[in-house]
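Structural characterization, general
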Amino acid sequence: MQIQENISLKPYNTFGINVKAKYFSSFATIDELTELLSYYRPKGQDSRLILGGGSNILFTKDFDGIVLKNGLKGIELIKEDDKFYYVKAAAGEIWHEFVLYCIEHNYAGVENLSLIPGSVGASPMQNIGAYGVEIKDVFEELEAYHIHDKSILTFSLEECGFGYRESVFKKKFKDQFVILNVTYKLRKQPQYNTTYGAITKELEKEGVKELSIKNISDTIINIRKSKLPDPKVVGNAGSFFKNPVVSKFRWHFIWEQYKDVSAYMIDDMHYKIAAGWLIEKCGWKGFRKGDAGCNPLQALVLVNYGNSSGQEIFDLSEEIIQSVKRKFGVELEREVNII
Ligand code: FAD
Ligand code: EPU
């Protein structure tokens, strides 16, 4: 365990933003985490950042504090019953590698979440989701370290307060806990979820006759590769905004003018609209100013073509929010954590 000073965070965030951290270290054990937290006692709340894969973060300035990169490793089958395997994974494991591990061992439930970048520890932070599945659907419990009193607490499904891209760790308990490990409840008999978006069409195209968690994973990987930019090639953090939930009246008002509006009903009074559609309709898709841009294949993804600053990407996101509000009366909310 070594503390580095004034290091560039460019390799540690998928947007590839070149800011500096005053201090940087990684921890591989709880003792190391404890030591780092007591060694460095910052004054402000925001002077300590727990970092996973940096795939849901936009740095807009140098970080005047300590960045603690999570290096906790290990995957363990802790129990099983008739229906489920209970698998505990340490927070520093790479999410997609964990998914591949589950597929290899026939643990079903996370295959639809293939190829999401980042760490296991961040998966409950915003209840990651894709192709009809969210973490809450496979979640059993997690252990988290309380930064101030150094206790380790267990959080059940209910206690995590999961919602669409939300949990208690993102708002109510923001910056208070380090997630140490997550236990997932994975099925012995798979329940295939192929109803979302292009999955069925893609499976047919590939000539898949018999479903398996492996071929669903492969199909989802193909779909994702076809529209989401690879952060190793073009900096990005996936969807920059959440898909907004609007009233039925707002949706109807939009639908009257644009019969192609991409939306679906949530309940009798609410619709979820595809933010990518709203942004595209405002003319942003493929837009580029300097090295900050709006992805030409998926307008919900903002990109760094090389040397953009985080502030330039943030400013672009602000312009997008304002134009969507003017045109549709809908307020977009950022999904990415702004630091
Ligand atoms: P980081 O970016 O490192 O951290 C995110 C936040 O969590 C920060 O506030 C950080 O402080 C906090 N944090 C991280 N680890 C811990 C911990 N152990 N304890 C406490 N706090 C912690 N997301 C989806 O939901 N669905 C998608 O389909 C999806 N697709 C994506 C595609 C691309 C190409 C990219 C780049 C991103 C995508 N994302 C998606 C977003 C991102 O992958 C997820 O949010 C992921 O869970 C972030 O993990 P991370 O380890 O990189 O988190
Ligand atoms: N659309 C457009 N133009 C665009 C992009 C999208 O019109 O430029 C419309 C299309 O009608 C399309 C619909 O939006 O059918 C939905 O697009 P897509 O299937 O790509 O999904 P999304 O709603 O844009 C969400 C998640 C993704 C997740 C996918 C698949 C959010 C904020 N984003 O995107 O998550 O991978 O569904 O489930 O909910 C992330 O969170 O970072 C992320 C990538």
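Note that the structure is predicted; figures quoted are calculated from it, not measured.

Regarding the site of ligand 1
Residues in close proximity to ligand 1 total 34 residues, the closest being Ile50, Ser55, Ser119, Gly129 and Arg224. Taking Arg165, its side chain carries an N or O atom lying 3.3 Å from an oxygen atom of ligand 1. Starting from 980 Å² of accessible surface for ligand 1 in isolation, the protein chains cover 94%. Within the residue set of the shell around ligand 1, elements represented by two or more residues are strand S3 (48-51), strand S8 (129-130), strand S12 (177-187) and strand S13 (235-239).

Focus: the environment of Phe155
By the secondary structure assignment, Phe155 is in strand S11 (residues 152-156). Sequence-wise, Phe155 and Glu140 are 15 residues apart; in three dimensions their C-alpha atoms are separated by 8.9 Å. Beyond its immediate chain neighbours, meaning those up to four positions away, Phe155 contacts Phe139, Glu141, Leu142, Ala144, Cys160, Phe169, Phe173 and Phe177.

Examining the side chain of Thr60
Relative to the helices and strands, Thr60 resides in the loop between strand S4 (57-58) and strand S5 (63-70). Here Thr60 falls in the buried class, since its relative accessible area comes to 18%. Excluding anything up to four places from it in sequence, Thr60 contacts Gly310, Gln311, Phe314, Ile338 and Ile339.

Description of the packing of aromatic side chains
Any pair of aromatic rings gets described here by the distance separating the centres and the angle formed by the planes. Under the defined criterion, the tally for this structure stands at 22 aromatic pairs. Between Trp251 and Tyr271 the ring centres are 4.1 Å apart and the planes differ by 0 degrees, which places this aromatic pair in the stacked class. Taken as a pair, Trp251 in helix H6 (residues 248-257) and Tyr271 in strand S16 (residues 270-273) lie far apart in primary sequence, 20 residues in all. As far as the burial class goes, Trp251 and Tyr271 line up, both buried. Ring centres of Tyr258 and Trp277 lie 5.7 Å apart, and the angle between their planes is 80 degrees; this geometry places the pair in the edge-to-face category. Taken together, the residues Tyr258 in the loop between H6 and strand S15 (263-267) and Trp277 in helix H7 (residues 275-281) connect sequence positions 19 residues apart. Among the aromatic residues, ring-to-ring pairing joins Phe155, Phe169, Phe173 and Phe177 into one connected group.

As for the sheet that holds S5
One open sheet holds the four strands; their spatial order is S1-S2-S5-S3, and the pairing between them is mixed. A strand with exactly one partner marks an edge of an open sheet, and here the two such strands are strand S1 (4-8) and S3. Strand-to-strand twist of the sheet, defined as the mean angle between neighbouring strand axes without regard to direction, takes the value 40 degrees. The sheet contacts of helix H1 (residues 30-39) involve strand S2 (20-27), S3 and S5, and relative to S2 the element is tilted by about 150 degrees.

Observations concerning the sheet that holds S15
Across the sheet, which stays open at both edges, the three strands sit in the order S14-S16-S15 with antiparallel pairing between neighbours. The sheet terminates laterally at strand S14 (245-247) and S15, the two strands that pair on one side only. When the angles between neighbouring strand axes are averaged without regard to direction, this sheet yields 40 degrees. Bridge count for S14 against S16 is three bridges, and the pairing is antiparallel. Its bridge partner being in S16, Ser247 is matched across the sheet by His270. On top of the sheet, H6 reaches S14, S15 and S16; it is set at about 90 degrees to S14, its chief contact.

Structural notes on the domain arrangement of the protein chain
Assigned domains within the protein chain: domain 1 (4-70), domain 2 (75-187) and domain 3 (235-338). Domain 1 and domain 3 are separated by 29 Å when their C-alpha centres are compared. At the interface, eleven residues of domain 1 touch 19 residues of domain 3. Counting the surface lost from both domain 1 and domain 3, the interface buries some 1100 Å², and carbon and sulfur atoms represent 53% of this. By the criterion of area lost to domain 3, the three top residues of domain 1 are Phe15, Asn56 and Leu58, representing 58% of everything that side buries. Linking domain 1 to domain 3 there are zero salt bridges. Joining domain 1 to domain 3, the criterion identifies five residue pairs in polar contact (both at pLDDT 80 or more). Tallied by class, residues from the side of domain 1 that touches domain 3 come to five nonpolar, five polar and one charged.

Brief notes about the site of ligand 2
As a structural note, the neighbourhood of ligand 2 is formed by 22 residues, with Tyr131, Tyr164, Glu280, Gln298 and Glu335 the closest of them. In the environment of ligand 2, an oxygen atom lies 2.9 Å from a nitrogen or oxygen atom belonging to the side chain of Asn243. Protein burial of ligand 2: of its 820 Å² of free accessible surface, 79% is covered by the chains. Its residues placed into classes, the shell around ligand 2 shows nine nonpolar, six polar and seven charged.

Rules used in this analysis
- Residues numbered from 1 in each chain as written.
- Chains lettered and ligands numbered in written order.
- Predicted model: local features only at pLDDT ≥ 70, side-chain atom pairs only at ≥ 80, totals over all residues.
- Heavy atoms only, no water.
- Near = heavy atom within 4 Å.
- Polar contact = N/O pair within 3.5 Å; in protein donor to acceptor, adjacent residues only side chain to side chain.
- Areas by Shrake-Rupley, 256 points an atom, 1.4 Å probe, with all protein chains shown as cover.
- Helix = DSSP H or I, 4+ residues; strand = E, 2+ residues; numbered from the N terminus.
- Contact = heavy atoms within 4.5 Å.
- Buried < 20%, exposed > 50% of the residue type's maximum accessible area, 1.4 Å probe, protein only.
- Phe/Tyr/Trp six-rings, centres within 6.5 Å; stacked < 30°, edge-to-face > 60°.
- Pairing = 2+ DSSP bridges.
- Axes fitted to C-alpha atoms, helices over the stretch in contact; angles between N-to-C directions.
- Domains from an automatic or database assignment.
- Buried area = accessible area lost by both parts, 1.4 Å probe.
- Salt bridge = Lys/Arg side-chain N within 4 Å of Asp/Glu carboxyl O.
- Nonpolar A, V, L, I, M, F, W, Y, C, P; charged D, E, K, R; others polar.

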